[in-house]
Amino acid sequence: MAETETSHPDHLAHHFDSVEQQRESASFGMWLFIAQEIMFFGGLFLGYIVYRIKYPMAFATGSNLLSIEWGAFNTAVLIGSSLTMALAVRAAQTGNNRLIIRWILATMLLGSVFLGVKVVEYKDKYDHQLVAGPMFEFDADYVLEREAVPAVYADDIDVHDPQFGSNVHLFYSFYFVMTGMHALHMIIGIGVMIWLLVKAYRKRFGPDYYSPVEMTGLYWHFVDIVWIFLFPMLYLMGRH
Amino acid sequence: MESGDTKRKHYLNIENTPQSWLLTLDHKRIGILYLVTILLFFFLGGVAAVLFRLELLTPDAHLVEHETYNRLFTMHGVTMIFFFLIPSIPAVLGNFLLPIMIGARDMAFPRINLASWYVFTAGGLFGLAAIVFGGVDTGWTFYTPYSSTYANSNVILAALGIFIAGFASIMTGLNFIVTIHKMRAPGLTWFRLPLFIWGQYATAIIMILGTPVIAITVLLVGIERLFGVGIFDPAIGGDPLLFQHLFWFYSHPAVYIMILPGMGVISEVIACFSRKRIFGYHVVAFSSLAIAILGFFVWGHHMFVSSQSMYAGMIFSILSFLVAIPSAIKVFNWTATLYKGSISLDTPMLYALGFIGLFTIGGLTGLFLATMAINIHVHDTYFVVAHFHYVMVGGMLMAFLGGIHFWWPKMFGRMYPEAWGRFAAIVIFVGFNLTFFPQFILGYLGMPRRYHVYPEEFQVLNVMSTAGASILGAGYLMVFVYLVWSLFKGRRSVSNPWCAAGLEWRVSSPPPQHNFKKAPVVDRDAYDYTDEDVYKSDYDSGGTSDG
């Protein structure tokens, strides 16, 4: 590709004229990718809101059975991981490959903690037969014992009504699909970070070339923001 | 195929090992890979159409029973829409031409571009598997609960196929937008861009913002089938109608994925064969964006009879009428371009003129359907079938064929036989109208779509339709045969056989591997046909000996 007279560094693909053009393209592409991700999750959020309005009591009850402590803890963990990710991007911009490795590892660790907590929460739902699907069995006594029915609805709700149990099932369908999709995105992000680790270990990043770290950072922050919406919608709304 | 060629190296002959094709990052080769793949799906969808058109020759079930019939029309719809029409112009002509037209050496993300073809092919294989294992009987719309609670066919396989192929669409759209924004040649401002590029840009917006919604929707249907987690399941309070809302939120804009790129092709062809700048360039460019954006707010017109509130229906009806404005702007401006132009009726131009007429009929009958009272009368009848075939086949497929003929010499360096080309274009036009015009009447008289039997009084019109389909099929076959023939025996093409404006005509035919030796500098508007001499000289300034 000796077609241009200016120097053509290894990390500059042949079809770009300058490092800047390449970086801007990558960043713009990532934002477009995030736009489509918003629409992807948007479909789920829309469905959730529709049914939340349709069955407020059942959804509030289902929501009360979630562990607000674990949810809050995970929110903190995830926000922390966004900080470490931002620090990794900063390290990449200054070309400190050792620091990149350190902060990426920290981000991966926090991400794994989040997923670990999610496993604990799923296990709890499994124990109480709240996992959506054929195994779902609505246990009215458990609901009463946990005092999950919001006080404002207490007089209007008959927890033994099978229709009510079905609607709680609908809440858990959304809970598992939405948090499952979110977890899948995190697993993909952690996978991408392994690739970044290899590149950083080979000292590939520097002030001229840090797009991969920055793009992974954008992606990670996006996944973080999805959780920032999921947490209040699933755990907090209608809490008593 | 180029063994007897001169020494000149171009993208086709530079290397011809299997891996040089399967691992290519060259946008031109990826376009060719797409062309071959979608032709396979076009053939499959066509075979299904032949079979059910044969069944409809007689009022009774002579050839197939209702179960097979349902699977045939579903196979036709799914393959034609998701695996042929949506990728047709963007992934084939768009991939091939977009970087050259804007003076770039490649797409912004060549690897994503190649990945999109693999993802598309993988999705296509799932779709094929669904057909091989017995097909799907839900119709291409996959309405719940046909596709969920009461599904009795390979819904999961087909849904997965569409889900996966959707990502190919997103990748293509993303690549287009970034490339158009960041890779334009010096001097190529937004309002010097060919209208083909504007069309692709508008399409790419829909691909990025619409496709993820269908992805999550079919994923939810899949999850419902696989794990029994029901979000559309009325048994636990879910609403099957939510599926229709989500489905049409994508699938109505997707209808514009299936027309906007075609409109881009028509603008190129009309300008070239009337030797004039497109009348009202700016409004034609913006009308593409207007169609893309308005298209996101009209989905409810598919649901006038599905318990949607009357007031929602009225709003969707009005919004649907609004789409007619940018569409009509295009038609009027193309017509105004023809006025006082020096028109030549080569094959691409025949397709373009056919497009204008057929798209106008398809579009105007769309207004009938957007009117609530008429919609209730003709809902789910052959009137609807005829309407969208006038847009998709009479519009998009005509544009695709016109574009393929127009850029064929650029893509392969050979001319197709012109006489055969014109003849086939006329055969296709006649066959198309004979197939689908009777269906407007059938629908108006009340024949519902998706039934394999019908009352006897409908037979004459159905026989006409089937006869038309045979002529149409023969026309397609003719095109296929002479195009393949021309790959080997066609007259060699010069760089600019049509004396057309546009950067793609300034590189040799076929183009060199990296398109331009030196980035071209653009100093004139698109379709600047005032200075004819510029295009008459066959200049290969783009570089014949790159690499």
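Residue numbers run consecutively from 1 along every chain, following the written order of its sequence. Chain letters and ligand numbers both follow the written order, the letters beginning at A and the numbers at 1. Given that this is a predicted model, residues contribute local features only at a pLDDT of at least 70 and side-chain atom pairs are listed and counted only at 80 or more, while totals for whole chains, interfaces and linings are drawn from all residues. Here the side-chain values reflect all heavy atoms present in the structure, with hydrogen atoms and water set aside.

Draft legend 1. Structural context of the domain arrangement of chain B. All names here are of chain B. Source of the domain bounds: an automatic or database domain assignment. For chain B, the assigned domains are domain 1 (28–249), domain 2 (259–493) and domain 3 (494–547). In this analysis, two residues are considered to be in contact whenever any of their non-hydrogen atoms come within 4.5 Å of each other. On the side of domain 3, 18 residues touch domain 2, which itself brings 25 residues to the contact. Buried area is understood as the total, over both parts, of accessible area removed when two parts are fitted together, assessed with a 1.4 Å probe. Considering only the surface of domain 2 that becomes buried against domain 3, Arg 275, Lys 410 and Ser 493 emerge as the three largest contributors, covering 42% of it. A pair is scored as a salt bridge if a Lys or Arg side-chain nitrogen falls within 4 Å of a carboxyl oxygen belonging to Asp or Glu. Linking domain 2 with domain 3 are one salt bridge, by the criterion used here. As a salt-bridge pair, Asp 525 and Arg 277 come within 3.8 Å of each other at their nearest N and O atoms. Definition of a polar contact: a pair of N or O atoms within 3.5 Å, with one able to donate and the other able to accept a hydrogen when the atoms are protein atoms, and with sequence-neighbouring residues admitted only if both atoms are side-chain atoms. Seen at the junction of domain 2 and domain 3, the total is 10 residue pairs in polar contact (both at pLDDT 80 or more). By definition, any uninterrupted DSSP run of H or I lasting at least four residues is a helix, any uninterrupted run of E lasting at least two residues is a strand, and each is numbered from the N terminus. Secondary structure elements with two or more residues in the side of domain 2 that touches domain 3: helix 8 (260–274) and helix 13 (382–412). Ranked by the residues each element gives to the side of domain 2 that touches domain 3, the list is headed by helix 13, at seven residues.

Draft legend 2. How the structure looks around the packing of helix 4 (residues 110–132) of chain B against helix 5 (residues 155–182) of chain B. Residues and elements named next belong to chain B. The axes are straight lines fitted to the C-alpha atoms, using for helices just the contacting stretch, and the angles between their N-to-C directions are given from 0 to 180°. Axis separation between helix 4 and helix 5 bottoms out at 7 Å; the angle between their running directions is 160°. In terms of axis orientation, helix 4 runs roughly antiparallel to helix 5. Note on packing geometry: the crossing formed by helix 4 with helix 5 is left-handed. Packed against helix 4, whose contacting residues are Ile 112, Asn 113, Ala 115, Ser 116, Val 119, Phe 120, Ala 122, Gly 123, Phe 126, Gly 127, Ala 129 and Ala 130, the element helix 5 presents Leu 157, Ala 158, Leu 160, Gly 161, Ile 164, Ala 165, Phe 167, Ala 168, Met 171, Thr 172 and Asn 175 at the interface. Each angle receives one of four descriptions, namely roughly parallel if under 35 degrees, roughly antiparallel if over 145, roughly perpendicular if within 65 to 115, and oblique otherwise. Helix crossings fall into two classes, left-handed where the near helix is turned counterclockwise from the far one by less than a right angle and right-handed where it is turned clockwise.

Draft legend 3. Up close: the pattern of salt bridges. Under the counting rule described, the total for this entry stands at 14 salt bridges over all chains. A salt bridge links Lys 123 of chain A to Asp 127 of chain A, with the nearest nitrogen and oxygen atoms 3.0 Å apart. In this pair, Lys 123 of chain A and Asp 127 of chain A are both assigned in helix 4 (residues 97–127), four residues apart and thus about one turn of the helix distant. On the accessibility criterion, Asp 127 of chain A (44% relative accessible area) is partly exposed. Among the salt bridges present, the one from Lys 28 of chain B reaches Asp 26 of chain B, with a minimum N-O distance of 3.1 Å. We note that Lys 28 of chain B, like Asp 26 of chain B, is buried. When salt bridges that share partners are traced, they join Arg 192, Arg 277 and Asp 525 of chain B into one network. Exposed residues in this analysis have more than 50% of their type's maximum accessible area, buried residues have under 20%, and partly exposed residues fall in between, with area computed by a 1.4 Å probe over protein chains only.

Draft legend 4. Examining the environment of Gly 468 of chain B more closely. Residue and element names in this part refer to chain B. Topologically, Gly 468 is positioned in helix 15 (residues 459–489). Note: C-alpha distance between Gly 468 and Phe 42 (426 residues apart in sequence) is 18 Å. Not counting residues within four places of it along the chain, the set of residues in contact with Gly 468 comprises Gly 431, Leu 434 and Thr 435.

Draft legend 5. Geometry of the interface of chain A and chain B. Opposite the 37 residues of chain A that make contact, chain B presents 39 residues. Between chain A and chain B, the buried area comes to about 3200 Å², and carbon and sulfur atoms account for 70% of it. Its largest share of buried area at the contact with chain B, chain A owes to His 15, Met 39 and Phe 40 of chain A, together 18% of the area lost on that side. One salt bridge connects Asp 239 of chain B with Lys 54 of chain A, and the closest N-O pair in it is separated by 3.9 Å. Our count for the contact surface shared by chain A and chain B stands at nine residue pairs in polar contact (both at pLDDT 80 or more). Elements represented by at least two residues in the side of chain A that touches chain B include exactly helix 1 (19–54) and helix 6 (162–201) of chain A. Top contributing element to the side of chain A that touches chain B by residue count: helix 1 of chain A, with 18 residues.

Draft legend 6. Geometry of the packing of helix 4 of chain A against helix 7 (residues 211–236) of chain A. Residues and elements named next belong to chain A. Two elements in contact, helix 4 and helix 7, have axes separated by 13 Å at closest approach and are oriented at 30°. Relative to helix 7, helix 4 is oriented roughly parallel. For the crossing formed where helix 4 meets helix 7, the hand is left-handed. Facing helix 4, whose interface residues are Thr 107, Gly 111, Phe 114, Lys 118 and Glu 121, helix 7 presents Trp 220, Trp 227 and Tyr 235. In this classification, the charged set is Asp, Glu, Lys and Arg, the nonpolar set is Ala, Val, Leu, Ile, Met, Phe, Trp, Tyr, Cys and Pro, and all remaining amino acids, among them Gly, are polar. Looking at the contact of helix 4 with helix 7 residue by residue, the class counts come to four nonpolar, two polar and two charged.

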